[in-house]
Amino acid sequence: MNHEAALQTICKSLTPARVFAPRKGTALSTKDWLLLRADHAFARDAVFESIDLERDFRSERIDQMGLFEVSSKANNRHEYLLKPDLPPIAIASSSNAFFSLNSKSFLQMDYPPQL
């Protein structure tokens, strides 16, 4: 008996688990399951991590892409995730133009600013 066969025999005698058995059914392989868990962890981090424009983007990139910050009427991130229909509130951009988001239009510029 070779070493691999001996190892298989010992492992099978120590556990009722299906060690060294081929995969059965529609379950994900261990590799795919671990990749899914890693992707899920990255997605959760992306959802729960806040973005700071100045910290995460260079000022020239902010100006080049026209990035701006939006706030919600939610009191905290947990409430915002549970109630995404809470309307955003007016925000100010670096060019002193005021933007507001509403359900009828994605981006609406208000002149003069409505505070």
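Residues numbered from 1 in each chain as written. Predicted model: local features only at pLDDT ≥ 70, side-chain atom pairs only at ≥ 80, totals over all residues. Heavy atoms only, no water.

**Describing the overall build of the chain**
Our working rule: Helix numbering and strand numbering both begin at the N terminus, where a helix is a DSSP run of H or I of at least 4 residues and a strand a DSSP run of E of at least 2. Residue burial considers only the protein chains on display, and all accessible areas are found by Shrake-Rupley using a 1.4 Å probe.
When helices and strands are tallied, the chain shows five helices and five strands. Each helix and strand of the chain, ordered N terminal to C terminal, gives the series α-α-α-α-β-α-β-β-β-β. Put simply, the chain shows about 10,000 Å² of open surface, and 58% of that area lies on carbon and sulfur atoms.

**Here's the deal with helix α1 (residues 3-14)**
Since one α-helical turn is 3.6 residues long, residues separated by three or four positions face the same way. The following threshold applies: Residue count minus one, scaled by 1.5 Å, sets the expected span of a helix. A 3.5 Å cut-off defines polar contacts: any pair of N or O atoms within that distance qualifies, except that in protein one atom must be a possible hydrogen donor and the other a possible acceptor, and neighbouring residues in sequence count only when both atoms are side-chain atoms.
An ideal rise of 1.5 Å per residue puts 16 Å on twelve residues; α1 measures up with 17 Å between its terminal C-alpha atoms. A distance of 3.4 Å separates the backbone nitrogen of Glu4 from a side-chain oxygen at the start of α1, and that oxygen is part of Asn2.

**Some remarks on a nonpolar patch on the surface**
Inclusion rule: Put simply, a patch holds well-exposed residues, over 30% relative accessible area, that have no salt bridge, with like charges counted together within 9 Å and Val, Leu, Ile, Met, Phe, Trp or Tyr side chains within 5 Å. What counts as a salt bridge is simple: a side-chain nitrogen of Lys or Arg found within 4 Å of a carboxyl oxygen of Asp or Glu.
Taken together, Leu28, Trp33, Leu34 and Leu36 make up a surface patch of nonpolar side chains, about 420 Å² in accessible area. Its location among the elements puts Leu36 in helix α2 (residues 30-48).

**A word on a negative patch on the surface**
Quick note on the threshold: Charged residues are defined narrowly, with Lys and Arg counted positive, Asp and Glu counted negative, and His plus the chain ends left uncounted. All charge positions are set by atom: Lys at NZ, Arg at CZ, Asp at CG, Glu at CD. A simple rule labels every residue: compare its accessible area, found with a 1.4 Å probe on the protein chains alone, to the largest value its type can have, and call it buried under 20%, exposed over 50%, or partly exposed in between.
Together, Asp52, Glu54, Asp63 and Glu69 make up a negatively charged patch on the protein surface. With respect to the element layout, Glu54 can be found in helix α3 (residues 53-56). Residue class for Glu54 comes out exposed when judged on its relative accessible area of 57%.

**Brief notes about the pattern of salt bridges**
As enumerated under the stated definition, the model contains two salt bridges in all. The shortest N-O distance in the salt bridge between Asp56 and Arg55 comes to 2.9 Å. Judged by relative accessible area, Arg55 falls into the exposed class, the value being 52%. Note that Arg58 and Glu60 form a salt bridge whose closest N and O atoms lie 2.9 Å from each other. The exposure class assigned to Glu60 is partly exposed, which follows from its relative accessible area of 47%.

Spatial relationships are all this shows, so hold off on functional conclusions.
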